[in-house]
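# Chain and residue survey
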Amino acid sequence: MTRLDVREIPPVNRHPKIHDEFDALEPGETLTIVNDHEPKPLFYEFEAEVEAFDADGYEVERVAPDEFVARFPKQEA
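Below is a short write-up of the structure. What you see is a predicted model, and the numbers here were worked out from it, not measured in a lab.

It is worth spelling out the pattern of salt bridges at this point. Two side chains carrying opposite charge are able to pair once their charged atoms lie near each other. Applying the stated criterion across every chain yields a total of four salt bridges. We note a salt bridge from arginine 7 to aspartate 5, for which the minimum N-O separation is 2.7 Å. Assessed through its relative accessible area of 31%, arginine 7 is described here as partly exposed. In this structure, lysine 17 and glutamate 21 form a salt bridge, with 3.1 Å as the shortest nitrogen-oxygen distance. A residue pair is termed a helical-turn pair when its members lie 3 or 4 positions apart in one helix, as lysine 17 and glutamate 21 do in helix H1 (residues 11-23) at four residues. The exposure class of lysine 17 is partly exposed, given its relative accessible area of 33%. Take glutamate 21: its relative accessible area is 22%, and that puts it in the partly exposed class. Residues participating in the shared-partner salt-bridge network are Asp5, Arg7 and Glu67.

Calculation rules
Residues numbered from 1 in each chain as written. Predicted model: local features only at pLDDT ≥ 70, side-chain atom pairs only at ≥ 80, totals over all residues. Heavy atoms only, no water. Salt bridge = Lys/Arg side-chain N within 4 Å of Asp/Glu carboxyl O. Buried < 20%, exposed > 50% of the residue type's maximum accessible area, 1.4 Å probe, protein only. Helix = DSSP H or I, 4+ residues; strand = E, 2+ residues; numbered from the N terminus.

Laid out in structure tokens, this is it:
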């Protein structure tokens, strides 16, 4: 499982970095993202644009007021 804390990444660079990390995953692996807000727009972006994204396996958990942990699974081959 790859974990990426995007809170330290400038907002303009977050989505490209997340996409790069997701693309590097093997089928069946999951990218876990730590963010300062719920990444619902990113979920919709992945759902619409990333064929390998398993939208049914997506999970998000609010850990603290400014910490959300989201899991973006990559479909099995």
